Amino acid sequence: MAAVRGSKSISTAPPVAHTAMLGLGVYRPERVVTNAEICEQIDSSDEWIRTRSGIVTRRFAANDESAVSMGVQAGRRALEASGIDAARIGCVLVATSTHLTQTPPASALVADALGTGGAAALDVGAGCAGFCYALGLAADLVRGGSEEYVLVVGTELMSVTTEPTDRTVRFIFGDGAGAVVVGPSETEGIGPVVWGSDGSQAEAIRQEPDWLDFAENPDQKRPWIKMEGTAVFRWAAFEMGKVALRTLERAGVAIEDLDAFIPHQANSRITEVIARSIHLPESVALSHDIEETGNTSAASIPLAMEQLLRTGAVQPGGLALLLAFGAGLAYAGQVVTMPPLATGA
Ligand SMILES: CC(C)(COP(=O)(O)OP(=O)(O)OC[C@H]1O[C@@H](n2cnc3c(N)ncnc32)[C@H](O)[C@@H]1OP(=O)(O)O)[C@@H](O)C(=O)NCCC(=O)NCCS
């Protein structure tokens, strides 16, 4: 092997001043599931679900769809919206909790299916906060000069991970995926991430039992997602307003200057409580995508961004506050400029 000649210092890629989301694509499964259909298997009602959560319908994936296949669809549309060829993507980050095998990661499969030609690939497990975690990582990868373009995907298949007869969970969740291409920009499009976790409340959203327990005691129920809804509600309602204000402060943005506030679509009542607690001006568009989408965990922020862009409530380039929170309990927020949307996304 030839010796490497040169000085003893290590070279690094030059940093990049600014980053932005260059394109957004989403995938919503075809099948619309009404509250009436959910109530065929749980003791509840359309009215209870609407008033307690804001959810009217959600989408469930078809049997042949997966977190990977939905992520690929969303990723393809994000690439189209950004005008960046798949081969230029240096890293694919996939935020998901519902890729059903632990190995290999979903990201490697998504990177391959999109034709990136061997991009680095990493899954991000941060529950419903996953998309904003991955977006923060992607922005820093680009800023640090590690990669020019990073694809961030949030994708979830909640319909097969929530027990159809569990009325504390089943009505909340839906399936779908969203993706953005992150790359260099002339002006800043992704503010500093404000993030954290509270593992002391890890039991509030969990999988139960674990797979080994299940394998050793096959008489018990298979693993499902379980949730202490009231604990999650309280944590989100009390803590997330403070995180939203810290995020605005770190980005140096006044709340009046926002065009949109896009919190994780966990529950319409949580959204309203947070909006009130930060004194969100009425002029700022507030996402309520949950009505038609349910809570899609790590996919909820990009899906909600798409809904505001598609309906014209906010334009590409508009200033938005993203705020995601969930299992962990983990949270992450950043101020961003809204990306262009793929036609037909
Ligand atoms: C799940 C959630 C909607 C429940 O709403 P809630 O107001 O906290 O309701 P509670 O759990 O206190 O239950 C209130 C009553 O409704 C009943 N109830 C619970 N689920 C029900 C359902 N699906 N249908 C009808 N009644 C239901 C309870 O038994 C209880 O009855 P009681 O008053 O007679 O004891 C709410 O806690 C929530 O949205 N939490 C956050 C969930 C979330 O965002 N999770 C995703 C992670 S980000």
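Residues numbered from 1 in each chain as written. Predicted model: local features only at pLDDT ≥ 70, side-chain atom pairs only at ≥ 80, totals over all residues. Heavy atoms only, no water.

Caption draft 1: Region of the structure containing the overall build of the protein chain. A count of helical and extended segments in the protein chain gives 10 helices and 14 strands. Over its C-alpha atoms the protein chain spans a radius of gyration of 20 Å, differing by no more than 12% from the 20 Å that the globule rule assigns to 345 residues. The principal-axis extents of the C-alpha atoms in the protein chain amount to approximately 70 × 50 × 40 Å. For the protein chain, buried positions account for 54% of its 345 residues. A fraction of 77% describes how many contacts in the protein chain between residues 6 or more apart in sequence connect residues 24 or more apart. Surface summary for the protein chain: the accessible area is close to 15,300 Å², and the carbon and sulfur share equals 51%. (Helix = DSSP H or I, 4+ residues; strand = E, 2+ residues; numbered from the N terminus. Rg over C-alpha atoms; globule rule 2.2 N^0.38 Å. Buried < 20%, exposed > 50% of the residue type's maximum accessible area, 1.4 Å probe, protein only. Contact = heavy atoms within 4.5 Å. Areas by Shrake-Rupley, 256 points an atom, 1.4 Å probe, with all protein chains shown as cover.)

Caption draft 2: Structural view of the packing of helix α3 (residues 67–82) against helix α4 (residues 106–113). Between α3 and α4, whose axes approach to 9 Å, the crossing angle comes to 45°. Judged on the interaxial angle alone, α4 and α3 are oblique. α3 and α4 meet at a crossing whose hand is right-handed. Between α3, through Val68, Gly71, Val72 and Arg76, and α4, the contact on the second element is made entirely by Ala106, Leu109, Val110 and Ala113. Looking at the contact of α3 with α4 residue by residue, the class counts come to 6 nonpolar, 1 polar and 1 charged. (Axes fitted to C-alpha atoms, helices over the stretch in contact; angles between N-to-C directions. Parallel < 35°, antiparallel > 145°, perpendicular 65-115°, else oblique. Left-handed = near helix turned anticlockwise from the far one by under 90°. Nonpolar A, V, L, I, M, F, W, Y, C, P; charged D, E, K, R; others polar.)

Caption draft 3: The arrangement of the sheet that holds strand β6 (residues 150–156) in detail. Within the open sheet, the 5 strands sit side by side as β1-β7-β6-β4-β5. Their pairing is mixed. Looking at the sheet topology across the chains shown, the edges are occupied by β1 (19–27) and β5 (120–124). Sheet twist, expressed as the average angle between the axes of neighbouring strands with direction ignored, equals 20°. Where strand β4 (residues 91–95) and β5 come together, 5 bridges link them in parallel fashion. Counted as the bridge partner of Cys91 is Ala120 from β5. Packed onto the sheet, helix α10 (residues 300–310) meets β1 and β7 (176–184) and runs at close to 90° relative to β1. (Pairing = 2+ DSSP bridges.)

Caption draft 4: Inspection of the sheet that holds strand β12 (residues 285–286) at higher detail. Pairing in this open sheet of 5 strands is mixed, and the strands run β8-β14-β13-β11-β12 from one edge to the other. Each edge of the open sheet carries a strand with a single partner, namely β8 (194–197) and β12. Pairing analysis gives 8 bridges linking strand β13 (residues 319–326) to strand β14 (residues 330–337), with the strands arranged antiparallel. Residue pairing across strands places Leu323 opposite Gly333, the latter belonging to β14. In the packing of helix α5 (residues 130–143) onto the sheet, contacts are made with β8, β13 and β14, and the angle to β14 comes to roughly 55°.

Caption draft 5: Broad picture of the environment of His264. Its location among the elements puts His264 in the loop between β11 (260–263) and α8 (268–277). Taking the C-alpha atoms as reference, His264 lies 8.2 Å from Ala304; in sequence the two are 40 residues apart. Filtering out sequence-adjacent residues up to four positions away, His264 remains in contact with Cys128, Thr271, Asn295, Ser297, Ser300, Ile301, Leu323, Ala324 and Phe325. Of note is the side chain of His264, whose polar atom sits 2.6 Å from the side chain of Ser300. (Polar contact = N/O pair within 3.5 Å; in protein donor to acceptor, adjacent residues only side chain to side chain.)

Caption draft 6: Layout of the site of the ligand. Taken together, 23 residues lie around the ligand, and Ser44, Arg52, Arg167, Met227 and Asn267 are the ones closest in. Here Asn267 contributes a side-chain N or O atom positioned 2.5 Å from an oxygen atom of the ligand. In the complex, 71% of the free accessible area of the ligand, which totals 960 Å², lies under the protein chains. Residue contributions to the shell around the ligand peak at 4 residues, all from helix α7 (residues 229–251). Among the residues making up the shell around the ligand, the classes are represented as 12 nonpolar, 7 polar and 4 charged. (Near = heavy atom within 4 Å.)

Caption draft 7: The arrangement of the UniProt feature "domain: Beta-ketoacyl-[acyl-carrier-protein] synthase III C-terminal" (unreviewed entry) in the protein chain in detail. Using the residue numbers shown here, the UniProt feature "domain: Beta-ketoacyl-[acyl-carrier-protein] synthase III C-terminal" (unreviewed entry) corresponds to residues 248–337. Helix makes up 32% of residues 248–337 and strand 24%, whereas the separation of the span's terminal C-alpha atoms amounts to 13 Å. (UniProt positions renumbered as here; feature names shortened; annotations may be inferred.)

Caption draft 8: Spatial organisation of the packing of aromatic side chains. One pass over the structure, following the stated rule, counts 4 aromatic pairs. When the centroid spacing of 4.9 Å and the interplanar angle of 40° are considered together, the rings of Tyr133 and Trp195 count as tilted. Of the two residues, Tyr133 sits in helix α5 while Trp195 sits in strand β8, which places them 62 residues apart along the sequence. Pairing Trp211 with Phe214 gives two aromatic rings, centres 6.1 Å apart and planes at 75°, and the pair type is edge-to-face. Note that Trp211 and Phe214 are positioned in helix α6 (residues 211–216) at a spacing of 3 residues, about one turn of the helix. Using a relative accessible area of 48% as the deciding quantity, one classes Trp211 as partly exposed. (Phe/Tyr/Trp six-rings, centres within 6.5 Å; stacked < 30°, edge-to-face > 60°.)

Caption draft 9: Spotlight on the layout of surface pockets. Approximately 260 Å³ is the volume found for the second largest pocket. Along the walls of the second largest pocket sit 16 residues, with Arg31, Glu37, Phe60, Ser159 and Arg170 positioned nearest its centre. Among the secondary structure elements, those contributing two or more residues to the lining of the second largest pocket are β2 (31–34) and α1 (35–38). A class-by-class count of the residues in the lining of the second largest pocket yields 8 nonpolar, 3 polar and 5 charged. (1 Å grid on protein atoms, 1.4 Å probe; cavity = no way out; pocket = protein on both sides within 12 Å on 5 of 7 lines; lining within 4 Å. Points joined across faces, edges and corners; volume = space filled by probe spheres on them.)

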